[in-house]
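# Reading the structure
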Amino acid sequence: MNKNSSNIMALAPNTSNKRETVCIFGTGDFGRALGQKMIQSGYSVVYGSRSTQISNLIPKDAEVLGHAEAAQKAAIIIIAIQRQHYNFLTPLAEVLRGKVLVDISNNLKLNQYPESNAEYLAQLLPGSKVVKAFNTVSAWALQSGTLDASRQVFVCGDDVEAKQMVMNIVRALGLTPLDKGSLLAAQEIENYPLQLFPMWKFPIFLSLGLTAFFFFYCLALDVIYTYIYENNNFSFFIAITIPNRVFPVMALILLALVYLPGIFAAIIQLYRGTKYRRFPDWLDKWMLCRKQLGLIALAFATLHVVFTLVTPMRAFVSWRTSKGIISQALNNKTEPLNHTNAWLSDSYLALGILGYFLFVLLGITSLPSVSNNVNWREFRFVQSKLGYLALIFCTAHTLVYGGKWFLSPSAYKWYLPNIYILSLIVPCIVLVIKFVLIIPCVDKPLTQIRQGWERNPKYSE
Ligand code: NAP
């Protein structure tokens, strides 16, 4: 196939139903699913198998031959066989010379072998052109047609023409090829389906750890302490009250942790007087998972909103309200409206609503479909400027809500501070240092450093 014809196919994949013959080695789950999809897309499929008996599992219209015979019928051979069996291909080296071999294999563990499966195949058969593709698509997705989640097919290989031929097949099957370059990229492509939320691990473990810590902290102070010293059984606090204390605290701390690495980075750059030295590994990793931290913080903030909205439905709240009314009636005395309290409650609600609105805006703009439609400056404006504004609103929301308790001795049960005091430590540190960093005499050298200026150029060597 010459280059021009492949380009035409790429632009108009459905102009003809007749396509070339493709050979698939292996009649296992993936070989059968891919073969079926190829036949539907107009390809002729011939299987190379250890057994030439046609079973009813093999797609109708496909031929099944011995490996050597099948390979002779096609220019492209898809190797739908596990890597550990690749040795059987060595005696077929002559038949496979000049052919395009598509390695679709995956491993069971990350970096299981010193070289990728595709590179190993290329070493076994140096006369063939090896292309890595299709390993991120599952047999089940091909069979059931639910390809929405895995529509993208990573392709890599050293022979450009061979890679184009494979990419044309990918397009003809209704998938989107993504050229990842030479065969050196195969290891990364093979590791891809084995990763389990790589960027989410640290944020998830951190959130679980902090949530557990704050939950038991509240349990000790709000339930156990009250039971021991006041003989009140508030164990039902476990369902709504304590979670609704932990959720906002987590949202606030995680939001502050999104901005803390940026603060560290600025301090390190100012100290070093250059931006041309790598940050410590821990800081690099932390910076890379800021989006995930922010999204988990948004999830906690949303839970806080929902838990707060159900508060009036709680039996405990109705009991406490009616108790207040009855006591006023019994004493024949109406409590006057406390204007300070009215101001405080309206203010913290307004700050919370504004903070949550900005929080949601940050979450929405971090979605690829939205962030792809804004330029870098717009993205930074939302994520940095509006992000800090969200942090200010949420910190102020907590301060106004919990402020009156901070000075009260009853807030210090067992000499431990109230959970809201703890939640303010990291956000306040972030906001105070940020405030120092935007003072012109600090901001100016920092901006210069970020534009490439160096205090001592020897650092850039
Ligand atoms: P499978 O169902 O076990 O099929 C493997 C096929 O390899 C067998 O049906 C057999 O075909 C052939 N084979 C087995 N032992 C062999 C040997 N000693 N010598 C020569 N051929 C041998 O496996 P699969 O799920 O189709 O996976 C095949 C490859 O696709 C693997 O490398 C896998 O990592 C990759 N993959 C699979 C999926 C998936 O969803 N299943 C997704 C992406 C990638 P014959 O009996 O016809 O010879």
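Residues numbered from 1 in each chain as written. Predicted model: local features only at pLDDT ≥ 70, side-chain atom pairs only at ≥ 80, totals over all residues. Heavy atoms only, no water.

The protein chain is annotated in an unreviewed UniProt entry as STEA4 Metalloreductase from Regulus satrapa. In its Sequence similarities (unreviewed entry) section, UniProt records this for the protein chain: "Belongs to the STEAP family." Listed under Subcellular location (unreviewed entry) in UniProt, the entry text for the protein chain is "Endosome membrane". (UniProt positions renumbered as here; feature names shortened; annotations may be inferred.)

Next up on the list: the UniProt feature "transmembrane region" (unreviewed entry) in the protein chain. Mapped onto this numbering, the UniProt entry annotates "transmembrane region" (unreviewed entry) at residues 204–229, 249–271, 292–310, 347–365, 386–407 and 419–442. In residues 204–229, helix accounts for 100% and strand for 0%; the two terminal C-alpha atoms are 36 Å from one another. With 100% helix and 0% strand, residues 347–365 has its two end C-alpha atoms placed 27 Å apart. (Helix = DSSP H or I, 4+ residues; strand = E, 2+ residues; numbered from the N terminus.)

Turning our attention to the UniProt feature "domain: Pyrroline-5-carboxylate reductase catalytic N-terminal" (unreviewed entry) in the protein chain. Under the UniProt annotation, the feature "domain: Pyrroline-5-carboxylate reductase catalytic N-terminal" (unreviewed entry) is placed at residues 21–107. Between the end C-alpha atoms of residues 21–107 there is a gap of 28 Å, over a span that is 25% helix and 24% strand.

Taken as a whole, helix α18 (residues 440–450) has its buried residues at V442, L446 and I449. Seen along its axis, α18 keeps its buried residues to an arc of 55°; they face one direction. Exposed residues lying more than 90 degrees from the buried face of α18 are P440, C441 and K444. In this structure, the buried residues of α18 make contact with α10 (243–272) and α17 (419–437). Looking one or two residues beyond α18, the residue adopting positive phi is G452, at roughly 115°. (Buried < 20%, exposed > 50% of the residue type's maximum accessible area, 1.4 Å probe, protein only. Arc of directions from axis to C-beta. Contact = heavy atoms within 4.5 Å.)

So, about helix α5 (residues 117–124). Most of α5 is tucked away: 6 of the 8 residues are buried. Every buried residue of α5 is listed here: N117, A118, E119, Y120, L121 and L124. Here the buried face of α5 lies against β4 (76–79), β5 (100–103), β6 (129–132) and α8 (186–191).

As a further point, take the site of the ligand. Around the ligand, a shell composed of 19 residues is seen, among which T27, F30, S49, N106 and A139 lie nearest. With respect to the ligand, the backbone of G28 contributes an N or O atom lying 3.1 Å from an oxygen atom. A distance of 2.8 Å is found between an oxygen atom of the ligand and a backbone nitrogen or oxygen belonging to F30. In isolation the ligand exposes 890 Å². Once the protein is present, 77% of that is buried. (Near = heavy atom within 4 Å. Polar contact = N/O pair within 3.5 Å; in protein donor to acceptor, adjacent residues only side chain to side chain. Areas by Shrake-Rupley, 256 points an atom, 1.4 Å probe, with all protein chains shown as cover.)

Here we take up the packing of helix α14 (residues 339–365) against helix α16 (residues 376–406). Interhelical geometry of α14 versus α16 gives an angle of 155° and a closest axis separation of 8 Å. When the interaxial angle is binned, α14 and α16 end up roughly antiparallel. Pair α14 / α16 crosses with left-handed handedness. Looking at the contact of α14 with α16 residue by residue, the class counts come to 18 nonpolar, 7 polar and no charged. (Axes fitted to C-alpha atoms, helices over the stretch in contact; angles between N-to-C directions. Parallel < 35°, antiparallel > 145°, perpendicular 65-115°, else oblique. Left-handed = near helix turned anticlockwise from the far one by under 90°. Nonpolar A, V, L, I, M, F, W, Y, C, P; charged D, E, K, R; others polar.)

Scanning the model with the defined rule gives 25 aromatic pairs in all. On the basis of an interplanar angle of 65° and a centroid distance of 5.2 Å, the ring pair of F213 and F214 is categorised as edge-to-face. Look at F213 and Y217: their rings are 5.7 Å apart centre to centre, the planes differ by 40°, and that puts the pair in the tilted class. With F213 and Y217 both in helix α9 (residues 201–230), this residue pair falls 4 residues apart, about one helical turn. Judged by relative accessible area, Y217 falls into the buried class, the value being 12%. Among the aromatic residues, those joined into a cluster by ring pairs are F234, F236, F237, F316 and W319. (Phe/Tyr/Trp six-rings, centres within 6.5 Å; stacked < 30°, edge-to-face > 60°.)

Let us look at the pairing of β4. The alternating pattern of β4 places I76 and I78 on one face and I77 and I79 on the opposite face, and all of these are buried. Judged from the 4 bridges that link them, strand β1 (residues 21–25) and β4 form a sheet pairing that is parallel. Residue pairing for β4: I24 is matched across the bridge by I78. Pairing analysis gives 4 bridges linking β4 to β5, with the strands arranged parallel. Counterpart to I76 in the pairing with β5 is V100. (Pairing = 2+ DSSP bridges.)

Bringing the packing of α10 against helix α12 (residues 290–309) into the picture now. Following both chains from N to C, one finds α10 and α12 inclined at 155°, their axes separated by 8 Å at the closest point. Relative to α12, the element α10 is oriented roughly antiparallel. You can see that α10 and α12 cross each other, and the crossing is left-handed. Note on element contacts: α12 touches α10 through R290, L293, G294, I296, A297, F300, A301, L303, H304, F307 and T308, opposite P243, N244, F247, P248, M250, A251, L254, L255, L257, V258 and P261.

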